[in-house]
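Architecture at a glance
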Amino acid sequence: MLGPGLAGMPMEEWKIRTAKGKEYVFDSEDEAYEALPEYGEGSTVWKRRVHRGIANISLSSTGWIDVTPTGR
């Protein structure tokens, strides 16, 4: 069951995956791309379409997609 407000509304979630496999989640595309250089060479940017539930639980039917800019 999803909660009130924006819960259940589709939105995008972003993450950076470092070359060592650590992952950091961001709420916006701008935040993720601005932070990308800080995580070092080999880091990648991913996104997924989610529906947020109660207690910030994200539900995604598509999974993460690599959207790293070319040339990285």
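Residues numbered from 1 in each chain as written. Predicted model: local features only at pLDDT ≥ 70, side-chain atom pairs only at ≥ 80, totals over all residues. Heavy atoms only, no water.

Let us look at the overall build of the protein. When you go through the protein residue by residue, the secondary structure sums to 1 helix and 5 strands. Written out in order from the N terminus, the α and β elements of the protein read β-β-α-β-β-β. Across the protein, contacts joining residues at least 24 apart in sequence account for 48% of those joining residues at least 6 apart. (Helix = DSSP H or I, 4+ residues; strand = E, 2+ residues; numbered from the N terminus. Contact = heavy atoms within 4.5 Å.)

A cluster of acidic side chains, namely Glu-29, Asp-30, Glu-31 and Glu-34, defines a negative patch on the protein surface. Its relative accessible area of 63% is what places Glu-34 among the exposed residues. (Patch = residues over 30% accessible without salt bridge, like charges linked within 9 Å, V, L, I, M, F, W, Y side chains within 5 Å. Areas by Shrake-Rupley, 256 points an atom, 1.4 Å probe, with all protein chains shown as cover. Salt bridge = Lys/Arg side-chain N within 4 Å of Asp/Glu carboxyl O. Lys, Arg positive; Asp, Glu negative; His and termini not counted. Charge placed at Lys NZ, Arg CZ, Asp CG, Glu CD. Buried < 20%, exposed > 50% of the residue type's maximum accessible area, 1.4 Å probe, protein only.)

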